[in-house]
Amino acid sequence: MGRMLDALVKLQNVERQLAEVRSRLRRQNAAVAVQQHRVDECKATLVALQEQVLIKQKNAGAVELELKSRDAEVAKFRTALNTAKTNKEYAAFLTQINTIKADNAKVEDQVLKAMQDVDLVRTQAEQVKSSIAEAEKKLADVQANSAEEVKRLESIMAELTGRRNEAAKDVPADILSIFDRMASAREGDAMALVEVQGKKPPFEYVCGGCYMSLNAEHANALRTRDELRFCDCCGRILYLDFNAKP
Ligand SMILES: [Zn+2]
């Protein structure tokens, strides 16, 4: 292989490792974000449940108040019974009392139901609180592990960046800018090996990047010339492995 393509392949090698490290760094950040999202979701659920507790408490309070005012009314009519002047008046008060008491049974059920509602939502809120505690603990673990891994990956990245800059020195500036453009568009995957198929001529040639067949002209040119040639299908920079068969 010519000097320029040789230098590019070395650069490509470092570039691929850099892309892998970058993607691992992204995964680390994503893992923390996912866990943070779980914590946030649980907290939002808790706020909604706490609001519901307040609403249901208010509702229970209103029904209780209604019951109290009905009890007060019964008491009022009971007092009136003692002051009834006629049998007819007495009977009328008694009817009032019985009517209110009959309805009170229903209102008492409503009070009970309203209080059960409050308890139910309160229990749900307590469960969500323990989910939050669990999720926060997991988040702390993920953050701690991630911080360690990020530190490790960043030091690998620094080392690879040094090697990359070193390898880039051997590549002419105009070619380097083409390579960089392709590498950044393809996550470090700017080049493809020309794969040779068949045991004897005429050989078939395939792009090692996209696996589409290549015109033999590319392989023939690369055997003798140190130049940039691109896959007609995926556009990767092609190179030959001179240690492999023809
Ligand atoms: Zn290709």
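Structure: above.
As a starting point, this report considers the structure included with it.

### A look at the pattern of salt bridges
Oppositely charged side chains can form a pair if their charged atoms are brought close together. For the structure shown, the criterion picks out 21 salt bridges. Salt-bridge contacts for Asp103 lead to Lys106; the nearest nitrogen and oxygen are separated by 3.7 Å. Here Asp103 pairs with Lys106, and both are found in helix α2 (residues 87–168), just 3 residues apart, close to one helical turn. Judged by its relative accessible area of 30%, Asp103 falls in the partly exposed class. With relative accessibility at 55%, the residue Lys106 sits in the exposed group. Residues joined by salt bridges that share partners form a network here, namely Glu15, Arg22, Arg164 and Asp180.

### Let's talk about the coordination of the zinc ion
Coordination of the zinc ion by the protein involves Cys207 (SG), Cys210 (SG), Cys231 (SG) and Cys234 (SG), with metal-donor separations of 2.2 to 2.3 Å. In this structure, the zinc ion is coordinated by 4 donor atoms arranged in tetrahedral fashion, with angles at the metal of 104 to 116°. Taken in chain order, the donor set of the zinc ion reads C-x2-C-x20-C-x2-C. Of this pair, Cys207 sits in strand β2 (residues 204–207) while Cys234 sits in the loop between α4 (216–224) and β4 (237–239), placing them 27 residues apart in sequence. Cys234 matches Cys207 in its accessibility class, with the two residues each being buried.

Rules used throughout
- Residues numbered from 1 in each chain as written.
- Predicted model: local features only at pLDDT ≥ 70, side-chain atom pairs only at ≥ 80, totals over all residues.
- Heavy atoms only, no water.
- Salt bridge = Lys/Arg side-chain N within 4 Å of Asp/Glu carboxyl O.
- Helix = DSSP H or I, 4+ residues; strand = E, 2+ residues; numbered from the N terminus.
- Buried < 20%, exposed > 50% of the residue type's maximum accessible area, 1.4 Å probe, protein only.
- Donors = N, O, S within 2.8 Å, 3.2 Å for Na, K, Ca; no water.
- Tetrahedral: all angles 85-135°; square planar, octahedral: opposite > 155°, others 65-115°.

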